[in-house]
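# Report on the structure
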Amino acid sequence: MASDRSPLVETFAGWGIYVVGFIPAVWSFWLGATGGLGADPVRAFEQTLGLWALRFLVLTLAVTPLRQLAGINLLRFRRALGLLAFWYAAMHFSVYLTLDRGLIWSTIIPDIARRPFITLGFAALMFLLPLALTSNRLSIRRLGKNWRRLHRLVYVAASLAAVHYLLATKVLDPTQAAHIGLVLLLLGYRLVRALLVRRPERRAA
Amino acid sequence: MPTYRPPAIPASEITPRSVYLRRREFMGLMAGAGVMLGVGGARAEAPATSPLKTVPGPYKVDEPLTSREDVTTYNNFYEFGTDKADPSRHSGDFKPRPWTITVDGLVGKPQTFDVDKLIAELPIEERIYRMRCVEAWSMVIPWDGFPLKALLDKVEPLGSAKYVAFETVVRPEEMPGQKGYFQPMPWPYVEGLRLDEALHPLTILAVGLYGETLPNQNGAPIRLVVPWKYGFKGIKSIVRISLVEKQPPNSWNSLQGSEYGFYANVNPEVDHPRWSQATERRIGASGFFGSGRRPTLMFNGYADEVASLYAGMDLRANY
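Analysis parameters
Residues numbered from 1 in each chain as written. Chains lettered and ligands numbered in written order. Predicted model: local features only at pLDDT ≥ 70, side-chain atom pairs only at ≥ 80, totals over all residues. Heavy atoms only, no water. Helix = DSSP H or I, 4+ residues; strand = E, 2+ residues; numbered from the N terminus. Buried < 20%, exposed > 50% of the residue type's maximum accessible area, 1.4 Å probe, protein only. Contact = heavy atoms within 4.5 Å. Areas by Shrake-Rupley, 256 points an atom, 1.4 Å probe, with all protein chains shown as cover. Pairing = 2+ DSSP bridges. 1 Å grid on protein atoms, 1.4 Å probe; cavity = no way out; pocket = protein on both sides within 12 Å on 5 of 7 lines; lining within 4 Å. Points joined across faces, edges and corners; volume = space filled by probe spheres on them. Nonpolar A, V, L, I, M, F, W, Y, C, P; charged D, E, K, R; others polar. Buried area = accessible area lost by both parts, 1.4 Å probe. Salt bridge = Lys/Arg side-chain N within 4 Å of Asp/Glu carboxyl O. Polar contact = N/O pair within 3.5 Å; in protein donor to acceptor, adjacent residues only side chain to side chain. Axes fitted to C-alpha atoms, helices over the stretch in contact; angles between N-to-C directions.

## Digging into the overall build of chain B
Looking only at helices and strands, chain B features 8 helices and 13 strands. By residue count, 57% of the 319 residues in chain B fall in the buried class. Across chain B, the fraction of contacts at a sequence separation of at least 24, relative to all contacts at a separation of at least 6, is 72%. With an accessible surface of roughly 13,200 Å², chain B has 56% of that area assigned to carbon and sulfur atoms.

## Section: the pairing of strand β8 (residues 204–209) of chain B
All names here are of chain B. Within β8, 6 of the 6 residues are buried, which leaves it mostly tucked inside the rest of the structure. Both strand β5 (residues 137–147) and β8 contribute to a ladder of 5 bridges, which runs antiparallel. What sits directly across from Phe146, in β8, is Leu205. Two strands pair when backbone bridges link them, and β8 and strand β9 (residues 212–213) are joined in this way by 2 bridges, in the antiparallel orientation. Residue pairing for β9: Gly208 is matched across the bridge by Thr213. The loop that links β8 with its antiparallel partner β9 comprises 2 residues; one of these, Tyr210, has a positive phi angle of about 50°.

## Some details on the layout of surface pockets
Residue and element names in this part refer to chain A. By volume, the second largest pocket is sized at about 1,700 Å³. Lining the second largest pocket are 41 residues; nearest its centre among them are Thr64, Arg78, Arg148, Arg152 and Tyr155. For the lining of the second largest pocket, the secondary structure elements donating two or more residues are α1 (7–21), α3 (41–70), α4 (75–100), α6 (116–133), α7 (137–143), α8 (145–151), α9 (153–166) and α10 (174–196). Here the element with the most residues in the lining of the second largest pocket is α4; it accounts for 8 residues. Grouping the amino acids of the lining of the second largest pocket by side-chain chemistry returns 20 nonpolar, 7 polar and 14 charged.

## Structural notes on the interface of chain A and chain B
Every contact between the two is made by 36 residues of chain A and, on the other side, 39 residues of chain B. Roughly 3,200 Å² of surface becomes buried between chain A and chain B when both sides are summed, with 62% attributable to carbon and sulfur atoms. Of all residues in chain A, Ala39, Arg115 and Lys170 of chain A give up the largest surface area on contact with chain B, accounting jointly for 23% of the area buried on that side. Along the contact surface separating chain A from chain B lie 5 salt bridges. Lys170 of chain A is the salt-bridge partner of Glu135 of chain B, the closest N and O atoms lying 3.4 Å from each other. Applying the counting criterion to the chain A and chain B interface returns 9 residue pairs in polar contact (both at pLDDT 80 or more). Elements that contribute at least two residues to the side of chain A that touches chain B include exactly α2 (23–33), α3, α4 and α10 of chain A. Element by element, the count of residues in the side of chain A that touches chain B is highest for α2 of chain A, at 7 residues. In the side of chain A that touches chain B, the residues fall into 19 nonpolar, 9 polar and 8 charged.

## Quick word on the side chain of Arg190 of chain A
Residues and elements named next belong to chain A. Mapped onto the secondary structure, Arg190 falls in helix α10. Within polar-contact distance, the side chain of Arg190 engages the backbone oxygen of Leu61 at 2.7 Å. For Arg190, the contacting residues outside a window of four places in its chain are Leu61, Thr64, Pro65 and Tyr155.

## Considering the sheet that holds strand β3 (residues 111–114) of chain B
Residue and element names in this part refer to chain B. A sheet is described by the order of its strands in space; here 5 strands give the open sequence β3-β2-β11-β6-β7, paired in mixed fashion. At either margin of the open sheet sits one strand with a lone partner, and together these are β3 and β7 (190–194). Here the average twist between neighbouring strands, direction ignored, is 20°. Summarising the sheet, strand β6 (residues 163–168) and strand β11 (residues 238–244) pair through 6 bridges and their orientation is antiparallel. Each bridged residue has a counterpart across the sheet, and for Thr168 the counterpart in β11 is Ile238. Contacts from helix α5 (residues 148–155) reach β2 (100–105), β3, β6, β7 and β11, with the element oriented near 135° to β3.

Following this line, the structure appears as structure tokens:
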């Protein structure tokens, strides 16, 4: 909570959250490297990274509704959550390029260009990239009002990621439905709020 | 991690059953922790299978076999769940014996066969085939079975029969994927072949793999194997085979016709709308480091045997 300023929470908000956040990736990698991910370890590792990217996006998007609806303020974790989403998406894409597609560019590039499933996933990562690059204090100060506008791109990235996940399988399974449902809920909340809660009117120039 | 590439060794020389069963217990314990994080794959107890008396068959792929462990833990069998590990985990309650299979429709002698009697009566051949899934992964599997033709000959198809329709069992009480809120598709799972495809010597009804009766997750006690077609044509746990005049429905085509056709011949030049079919990943071929990706072969490498069946046909339209 925001009022809690104990050293433990401060540490967690600083670098502890990254240590915890990268556990699923490290654990999954270790399982994969030691034969613990079943018959198709590459696919399992790749999917785990993608799923956690979406999970961190969901957590990032949950910060504002939690504050507005429940009075829980997790604002100072939001940057870390967003960056974790970016790093997981980047790892997911790296595994796709290397372990999955074996860096065979002649088949990778046409797939990214032509197959909506892959194009959308790639686009989601591309939308996260400027957000990750401008997540530092200097950028926030420099960009001013535009920083907020720019970071609304996270809604686009989350939508693209959800559709990418939807297209990844032959049929919808419960895990998929739950994650995509959360994205819809969190984006829908913002839409409803934008429609219902009128902003303070701007003064005419 | 360097991976051991197994040579094509006969089933009799594979690790004794008791040994790999102990390994599974260990893997199960190890995977338990992984499951809690949602990243691991639990290994189910091996279900009861029994040895089969087999003879070498006429078709044998000269490529390293996919391990029995991979063949029996990485399955698409949505009647037991949509995750690849679900069939091996959740098929323990399934009772594949005793089992009968009804062959009817446009035939002179419709009959219901007891599967164990068929196994005792017909020579069970070992057929080492490539298996190419529509999801772009592949295996090499030593099936044990008999040509579908051997069964169809017994019922004497009529001249009017042009297609063969297949149907999987519906047992929600034994197949957890067939009950609950998330039903991925309507049951029963159905498939079909043209009669000439069904009578082709490569087309078999498998009753075992690696020299033992089929594990539940692989379609016990009897399933179709058509090695030049995508894996979803290989309908499992068959209860009915009907000879018909018109092209019968097949489940994946009914569900998503733009992505899955009736023919479903393996074809590297005709892509799935969402992914390329030009390459495939051979399961277990390269472990974690190294993609194991290889080019997909026309008709899954069986073009010499089956290309003539489709002479003059537009394979892009009839995917």
